[in-house]
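So the chains spell out like this:
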Amino acid sequence: MKSLLSLLLAAAPAWAAFEWDNVRLGGGGGFVPGIVFHPKENGLAYARTDIGGIYKLNADDSWTPITDTLASSANWGRWGVDALAIDPQNTDLVYAAVGTYTNSWDPNNGAIIRSPDRGASWTVTNLPYKVGGNMPGRGMGERLAVDPKNSNIIYFGARSGNGLWKSTDAGKTFSKVTSFTNVGTFVADPSDTTGYNSDIQGLAFVTFDSTSATTGGATSRIFVGTADNITASIYISEDAGSTWAAIPDQPRRFLPHKGVLSPEENALYVTYSDGSGPYDGTLGAVYRYNIDDGSWTNITPVSGSDLISGFGGLSVDLKNPGTLIVATLNQWWPDGQIFRSTDSGATWSRLWQWGNYPEMIKYYSMDVSKAPWIQTGFLDIDSKWLGWMIESLEIDPTDSDHWLYGTGLTVFGGHDLTNWDTVHNISIHSLADGIEETAVQDLQSAPGGSELFVAVGDVSGYTFRSASDLDTAPDVPWNNPMFSSSLSSDYAGNVPANVVRIGNGNGSPQLALSTDGGVGWALSSTVGSVYSGGKVAYSAAGDAIVWSTGNSGVVRSLNQGAFSSVASLPTGSIVVSDKRNNSYFYAASGANFYVSTNSGSSFTRTGPQGVFTAIRDIAVHPTRAGEVYLSALEGIFRSTDFGVGWTQLPGLTNTFQIALGVGSGSSWNLYAAGNGSAGLRLYGTANLGNTWTDIQGSVQTFGAIDAVRLAGSGNVAGLVYVGTNGRGVFKAQGSLPGGTPTTTSRTSLPSTRTTSTSTSSARITTSATRTTVTTVTTVTTRTTSRTSSAPSATSTGTAGHWQQCGGLNWTGPTRCDPGLTCTKQNDWYWQCL
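Residues numbered from 1 in each chain as written. Predicted model: local features only at pLDDT ≥ 70, side-chain atom pairs only at ≥ 80, totals over all residues. Heavy atoms only, no water.

- The name given to the protein in an unreviewed UniProt entry is Family 74 glycoside hydrolase, with the source organism recorded as Stachybotrys elegans.
- According to the UniProt record, the Sequence similarities (unreviewed entry) comment for the protein reads "Belongs to the glycosyl hydrolase 74 family." (UniProt positions renumbered as here; feature names shortened; annotations may be inferred.)

Written as structure tokens, this is what we have:
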């Protein structure tokens, strides 16, 4: 990928294609449940994420995404990866089981994907059932394994009661292994009606014993772990998978997470937890199974009152038999723990221990220079330095010093692991550079202000002051205060240094303000602890805030005063501010559009009625007062007179998020996610829809197109941002054809309860080859009564993809956009899916 700076310096042709790469956070930002090293090539490794695809490790410890081509809008679930496998005999082959949910949230069945060239290209084998890359138990594994003696044989342990599956043609087809009958019994919450926690979690891992003999050209001994804490959880085949039996005398109290072979010892090591992970687990164990005599040994590193969590991550040092490391799965306080043994688990040493309480003696140093925000946003304010949700923990089979482990935040590791055995002090580094796994909630770019504000789930948010910062990991996240998830931000158009952001927490204030472009923040002193979630809008002068909360309707604050209800807007309304006229705000709920002319104190329903099925997004022009754009199932509509008169732009329908950004010369580009000539994808126009260009291209995918977040740069020509649900923020720069808007026939919009006047004029545009005469019809609507058209504040709006639509005490919209269903997650939260 070209760097942003090289793109900025290059001379732009008449039309330049858009090339996509990531805005750099440098620290991952999400859960990495699996890492797999190849046993024959030094440093060759892959990492799987739960919602962000697969990454390949580079020689400099950075990572390269290798599944960006797979998550089209029709198959967005392929960025959820539930299992990963390499071919031990071929360094180029890599496999994965993809699919995000086993319940109705993911409409598609899962697939096994295969790459013959280390992720440069993929073939897809569709499965007749779903795969759960973001389901409970996703850190177990690996559920997918290639026979070390026969590359044509692959096993996959499925979820949902689908059992064990086998391929005999290198992954081209799969069939069920009918002789394997224990499909798993564990269900996290049988009462969960969504299917998320009530699905059978199925099989946990498949492990071949490479030291066993061959039977019919295949490895004879195979171990399979199942999520079953009632009957038996680990099964063995001695005849290459023809028959299976539960291993005698095995532990039965817990669920197995990892089953790792130590070939030189002829032993299988297993970690157990009483939960399936990645969030639960309060007890567990570690066992060693001696294959020679069939005996089990409890080698759990701690006991009694020290045993406060289950165990997840597990790896053996293949160059030093009897050396292994294990990790607590979720030891939430004060920190996770990693244990190391050099005598097959007979004794253990730990990576930290208590001194004089509350002193923690750490036998490691921590370097997060590749992602400084981890230090300022997490390590400096939390005791959990080693991390949480530690399911992936791997020693490079070719290098005993090289190790990696994934957490719920980042990937850690280093290159001096054997120092543990001598000086007992190792160097841990954040090694997730290149992994971008955040779920982006909102994007903003302020003309004359900070280049990019990124609101994200789980890790708050980030400010990039200029375009030159986009390729450098931020020094700090949004903190002081830090909201675990930030849902929305906005800037004051006439004072772009003034910024507001909101969070989604409960029981604490969730609104913060900045006066230096989003670098420093202060918690609002008047917001209280009632409001959270939703979307926020900041007036052009920065004196009024309109907040469409996720839990308490629409509220307003003036001059940082107390918030009061905006009774004229329905709960769940979309709200935005005019960026130049301080008096104007705009809102939408369902099919209705609203305007405020008094800085958000009250709103009036205006504009065309009965035209939209549901308004999905509103974009305002960053530098021109009164220019507003609406996105709906029917397409995109534009007003240049503060929402009074509207015209429909041609070319796209079924549009979702829209955004404006600086174009060439003095023009502005309009970007839209919607349905056009190339299908449902991302488009851009420099001439108000006369020409729409597919700027997504044939290679890049963004996942579900209805869930992306868009921003056009307010400062750099042709620079556009796409926020995804799991692959962070993409950026690209290019020029669009037709930079000067031309005229075309546009659809005029009727209005109810209004009087209207229409004017038509003939306009002539000239080019070097032809002269075109077109007619533009503009409909100006004037409401007969502004006050009578405002409805009461009832839940008449609709919620978009992934948004809340119900639950106990929920007062927001209970209907979803067309094509989506309001689905119960729990008693308190229903979601549009």
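Some words on the overall build of the protein
Then, in step 1: Across its full length, the protein carries 2 helices and 68 strands.
Then, in step 2: Within the protein, contacts between residues separated by at least 24 positions form 54% of all contacts whose residues are at least 6 apart in sequence.
Then, in step 3: Of the roughly 28400 Å² of accessible surface on the protein, 49% is carried by carbon and sulfur atoms. (Helix = DSSP H or I, 4+ residues; strand = E, 2+ residues; numbered from the N terminus. Contact = heavy atoms within 4.5 Å. Areas by Shrake-Rupley, 256 points an atom, 1.4 Å probe, with all protein chains shown as cover.)

Thoughts on the sheet that holds strand β23 (residues 295-298)
Then, in step 1: Read from one edge to the other, the open sheet built from 4 strands follows the order β20-β21-β22-β23, with strand pairing classed as antiparallel. If you trace the sheet from one side to the other, it starts and ends with β20 (255-262) and β23, each paired once. Adjacent strand axes in the sheet meet at a mean angle of 25° when their direction is disregarded.
Then, in step 2: Pairing between β20 and strand β21 (residues 267-273): 7 bridges, direction antiparallel. When the bridges of β21 are listed, Val260 appears paired with Tyr269. (Pairing = 2+ DSSP bridges. Axes fitted to C-alpha atoms, helices over the stretch in contact; angles between N-to-C directions.)

Structural notes on unusual backbone geometry
Then, in step 1: Note that the residue after Gly141, namely Glu142, is joined by a cis bond; omega there is 10°.
Then, in step 2: Within the fold, Glu142 resides in the loop between β9 (123-126) and β10 (144-146).
Then, in step 3: In this chain, Tyr357 is followed by Pro358 through a cis amide linkage whose omega measures 10°.
Then, in step 4: Considering the arrangement of structural elements, one finds Pro358 in the loop between β28 (352-354) and β29 (360-362).
Then, in step 5: Of note, the phi angle at His424 is positive, near 50°, even though the residue is not glycine.

Section: the packing of aromatic side chains
Then, in step 1: In this structure the tally under the stated criterion is 32 aromatic pairs.
Then, in step 2: Summarising the aromatic geometry, the rings of Phe612 and Phe637 are spaced 4.8 Å apart at their centres and angled 80° between planes, so their arrangement reads as edge-to-face. With Phe612 in the loop between β49 (604-606) and β50 (615-620) and Phe637 in strand β52 (residues 635-639), the pair connects residues that are 25 residues apart, well separated along the chain.
Then, in step 3: By relative accessible area, Phe637 is classed as buried at 1%.
Then, in step 4: Of the aromatic side chains, those joined through ring pairs into one cluster are Tyr155, Phe180, Phe208, Tyr235 and Trp244.
Then, in step 5: Sitting above the plane of the Phe483 ring, Arg501 keeps its charged end 4.9 Å from the centroid. (Phe/Tyr/Trp six-rings, centres within 6.5 Å; stacked < 30°, edge-to-face > 60°. Buried < 20%, exposed > 50% of the residue type's maximum accessible area, 1.4 Å probe, protein only. Lys NZ or Arg CZ within 6 Å of the ring centre and 35° of its normal.)

Some thoughts on the nonpolar core
Then, in step 1: Ranked by internal contacts, the top residues of the largest apolar core, which has 46 residues, are Trp373, Trp403, Ile428, Leu452 and Tyr721.
Then, in step 2: Counting residues per element, this core draws most heavily on strand β36 (residues 452-456), which supplies 3 residues.
Then, in step 3: Ignoring sequence-local partners within four residues, the contact set of Trp373 consists of Leu25, Gly27, Gly29, Phe378, Leu409, Val459, Tyr462, Pro474, Asp475, Val476 and Pro477. (Core = buried A, V, L, I, M, F, W, Y, C linked by side-chain atoms within 4.5 Å.)

Structural notes on the layout of surface pockets
Then, in step 1: Here the second largest pocket defines a volume of roughly 980 Å³.
Then, in step 2: Phe37, Ile86, Thr207, Val260 and Leu318 are, among the 36 residues lining the second largest pocket, the residues nearest its centre.
Then, in step 3: Elements with a minimum of two residues in the lining of the second largest pocket: β2 (34-37), β6 (81-87), β10, β14 (203-208), β20, β24 (311-316) and β31 (393-395).
Then, in step 4: Along the lines of polarity and charge, the residues of the lining of the second largest pocket split into 23 nonpolar, 9 polar and 4 charged. (1 Å grid on protein atoms, 1.4 Å probe; cavity = no way out; pocket = protein on both sides within 12 Å on 5 of 7 lines; lining within 4 Å. Points joined across faces, edges and corners; volume = space filled by probe spheres on them. Nonpolar A, V, L, I, M, F, W, Y, C, P; charged D, E, K, R; others polar.)

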